Amino acid sequence: MSNDELTKIATSAREAAYAPYSKFRVGAALLTTSGKVFSGCNVENVSLGLTMCAERSALAAAIAAGSRDFAKVAVVTDSIRPALPCGACRQVLAEFNPDLKIVSATLQGAREEYGLEELLPKPNQGILGANEHGEAS
Ligand code: THU
């Protein structure tokens, strides 16, 4: 699936975003290696801290449907520059594919592409990776 198509799906997912506090609506579309797409949007909460990002809500939908192999995620915002996944989302996405491709786009057509490995290098360092090598207990 092309970046354009995936971005279009993320753009329509953004329409459902619940963002009464920040007014910053985000849509995400997560592509599996078998060509399925799961979309998500941000879901804010009055506590603010319990807000769920679009990327993680797309991921949760995919996992709940039985898909775990991901190739790419598109993220769409209405902003001057494309928004990149936050640190928490990077870590959660890396759980399933540390080399996931990321396409961040704005409604106005700006677009940036990254590999998750450049946004979150060494995702397991000090946690799972250290345990595997017996360096931490
Ligand atoms: N947000 C996302 O959903 N994904 C991002 O990549 C950036 C931030 C949401 C969280 C919050 O609801 C709003 O955008 C403002 O940070």
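Please read all numbers here as calculations on a predicted model, not as lab measurements.

1. Quick look at the nonpolar core
Considering soluble globular proteins, one finds that nonpolar side chains tend to be buried as a cluster.
Link 1 in the chain: Core analysis: the biggest nonpolar cluster contains 18 residues, and Leu30, Phe70, Val73, Leu100 and Leu116 have the highest contact counts within it.
Link 2 in the chain: Mapped onto this core, the elements with two or more residues apiece are strand 1 (26-32), helix 2 (54-64), strand 3 (70-77), helix 3 (87-94) and helix 4 (116-119).
Link 3 in the chain: Counting residues per element, this core draws most heavily on helix 2, at four residues.
Link 4 in the chain: Residues within four places of Val73 in sequence aside, it is in contact with Leu6, Ala28, Ala29, Leu30, Leu100, Lys101, Ile102 and Val103.
Link 5 in the chain: Of all hydrophobic cores here, the second largest spans eight residues; its members include Leu6, Ala74, Val76 and Ala105.

2. Remarks on the environment of Glu44
Link 1 in the chain: As for its placement among the helices and strands, Glu44 is situated in the loop between strand 2 (37-41) and helix 2.
Link 2 in the chain: Not counting residues up to four positions away in its chain, the partners in contact with Glu44 are Tyr18, Ala19, Pro20, Tyr21, Ser22, Phe24 and Thr51.
Link 3 in the chain: In terms of polar contacts, Glu44 uses its side chain to reach the side chain of Ser22, at 2.5 Å.

3. Overview of unusual backbone geometry
Link 1 in the chain: Positive phi is not limited to glycine here, since Leu48 has a value of about 65 degrees.
Link 2 in the chain: Here Leu48 lies in the loop between strand 2 and helix 2.

4. So, the pairing of strand 1
Link 1 in the chain: Here strand 1 lies mainly inside the structure; seven of its seven residues are buried.
Link 2 in the chain: Residues Val26, Ala28, Leu30 and Thr32 line one face of strand 1 and the alternating positions Gly27, Ala29 and Leu31 line the opposite face, and both faces are buried.
Link 3 in the chain: Bridge count for strand 1 against strand 3 is seven bridges, and the pairing is antiparallel. For Ala28, the partnering residue across the bridge sits in strand 3 and is Val75.

How each quantity is defined
Residues numbered from 1 in each chain as written. Predicted model: local features only at pLDDT ≥ 70, side-chain atom pairs only at ≥ 80, totals over all residues. Heavy atoms only, no water. Core = buried A, V, L, I, M, F, W, Y, C linked by side-chain atoms within 4.5 Å. Buried < 20%, exposed > 50% of the residue type's maximum accessible area, 1.4 Å probe, protein only. Helix = DSSP H or I, 4+ residues; strand = E, 2+ residues; numbered from the N terminus. Contact = heavy atoms within 4.5 Å. Polar contact = N/O pair within 3.5 Å; in protein donor to acceptor, adjacent residues only side chain to side chain. Pairing = 2+ DSSP bridges.

The quantities given are spatial measurements derived from coordinates; they are silent on function.
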